[in-house]
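# Breakdown of the fold
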Amino acid sequence: MPHSTSSSQVSGGTAGGLTVPGGRSPVPLLAVAAAVTAANVYLNQPLLDAVARSLGAGAGTLGALPTVTQAGYAAGILLLVPAGDSHDRRRLILALGWGSAAALAVCAAAPSVGVLLVAGCALGVLSPVPQLLTPLAVALADASDGPAAGRGRIVGTVQGGLLVGVLASRAYAGALAELAGWRTVYGVSCLLTLGLMVVLRRALPQLPAAPATGSGYRATLASLPRLWWRPVVRVVTVSGALVGVAFGAFWTALTFLLAQGHGLDPARIGLFGLVAAASAAASPWAGRLAERWGRRGATAALTGLVVAGWLVLLPGTGSLWWVIAGVIVLDVGVWGGQAATQTVLFRLDAAAHNRLNTLYFTLRFLGIAAGSLCGALAWTAGGWPAVVATGCAAALAGLLVGLLPAGDADR
């Protein structure tokens, strides 16, 4: 596939290494960027009580803040990420980053709940930067070393950054709010995002031109249903959504288990996000696993870990060590499976990488949202055993769908 920028402009010449003009690999920087921008979406969760007291609103009203932020995030993935296949990806990432920083500044200064909700929704819409960074990293690798050069490792590393951002954001936001107030959390995050965009603007190399799609943004967006109908895309996105149900059910019900079953306070419950962040180390390994074992082998191993994690969690109110072990096993399977799936999808047409990410993450977030509801209902109906049954059933369904044949992509 022709590119308008030669590989010498992108690579520093190291064998098998993705580099910027100074000879440094941009992959760690892209992983940090994924962590910072993903964290912006989730940092409001530990702040709700403090915000409610500060603005004189009810806790129920403030409960809408995570909902509108997540809804905005899903809308941003669906509507903005496909533009990466028809527009300059570097410019798009920087524009969204500047916009996110502005939304964070409005959140920090919000005089009322209404302003905070609108700014929170805007923050979500402008935050799907991680879903653009992974295709960008793959495009840089293909330009410098040729297609498939270390693709699994690159995908896994960037996705590991996203995972750290999602899971560590709760602990970071809670601790900083305790020290300096909830507005400081948004202010510091704004400054971090601004600093990140300055670094990205200077450090990212000149990119290859986006592969020609022969169509503009509207046609690119309209092509999503046709792209989803490809067997491998259909199989991995539906499987990912079902695993998302298991994941959403777990994290929603875990709070109830730890508070009511183990008597932990909110600060200690928040630390379980850091426990789960240990699974970030498995993401590069999961990407390589997809390259070595193929789609079905990696799916069997990693989705099987999700099922195993639920079985480890079955004792529930027993030893807390079982809960910790289950969190790690389940999250390694969930996030490792995500990295492996993206590695599989990025074997397909380079011109469709951003749209493939759009399809995968849109269904993934729909699954997580449905799982959150199912987890809460299961807890109410039958306690922790009902939650485990729900999570196991969803994970097993995801495993069965993920093992369906999908032609050449299985090799």
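Coordinates for the structure precede this section.
Quick look at the structure, then. (Residues numbered from 1 in each chain as written. Predicted model: local features only at pLDDT ≥ 70, side-chain atom pairs only at ≥ 80, totals over all residues. Heavy atoms only, no water.)

Take the environment of Trp-379 next. With respect to the secondary-structure elements, Trp-379 resides in helix α18 (residues 353-402). The buried category is assigned to Trp-379, whose relative accessible area is 18%. Filtering out sequence-adjacent residues up to four positions away, Trp-379 remains in contact with Phe-256, Leu-257, Gln-260, Trp-384 and Val-387. (Helix = DSSP H or I, 4+ residues; strand = E, 2+ residues; numbered from the N terminus. Buried < 20%, exposed > 50% of the residue type's maximum accessible area, 1.4 Å probe, protein only. Contact = heavy atoms within 4.5 Å.)

In total, this model carries two salt bridges according to the counting rule given. Linking Asp-85 and Arg-355 is a salt bridge whose minimum nitrogen-to-oxygen distance equals 2.9 Å. Residue Asp-85 is located in the loop between α5 (64-80) and α6 (89-109), and its partner Arg-355 is located in helix α18; the two are separated by 270 residues in the primary sequence. With respect to class, Asp-85 is no different from Arg-355; both count as buried. In this structure, Asp-349 and Arg-230 form a salt bridge, with 3.7 Å as the shortest nitrogen-oxygen distance. One end of the pair, Asp-349, is in the loop between α17 (320-345) and α18; the other, Arg-230, is in the loop between α12 (224-228) and α13 (231-261), and 119 residues separate them in sequence. In this structure Asp-349 comes out as partly exposed when scored by relative accessible area, which is 45%. (Salt bridge = Lys/Arg side-chain N within 4 Å of Asp/Glu carboxyl O.)

Time to look at the packing of aromatic side chains. Counted according to the given criterion, the structure contains seven aromatic pairs. Judged by centre distance (6.1 Å) and plane angle (35°), the ring pair of Trp-310 and Trp-384 falls under tilted. Taken together, the positions of Trp-310 in helix α16 (residues 283-313) and Trp-384 in helix α18 put the pair 74 residues apart, joining distant regions of the chain. Comparing Trp-310 with Trp-384 shows no difference in burial state: the two are buried. Arranged with centres 5.2 Å apart and planes meeting at 85°, the rings of Tyr-360 and Phe-361 form a pair that is edge-to-face. Assigned by exposure class, Tyr-360 and Phe-361 land together as buried. In textbook terms, an aromatic cluster arises when at least three aromatic residues are bridged by ring pairs, as seen for Phe-250, Trp-310 and Trp-384. Its end group placed over the ring of Trp-229, Arg-234 keeps NZ or CZ at 4.5 Å from the ring centre. (Phe/Tyr/Trp six-rings, centres within 6.5 Å; stacked < 30°, edge-to-face > 60°. Lys NZ or Arg CZ within 6 Å of the ring centre and 35° of its normal.)

Fair warning: the whole summary comes from geometry, so function is off the table for now.
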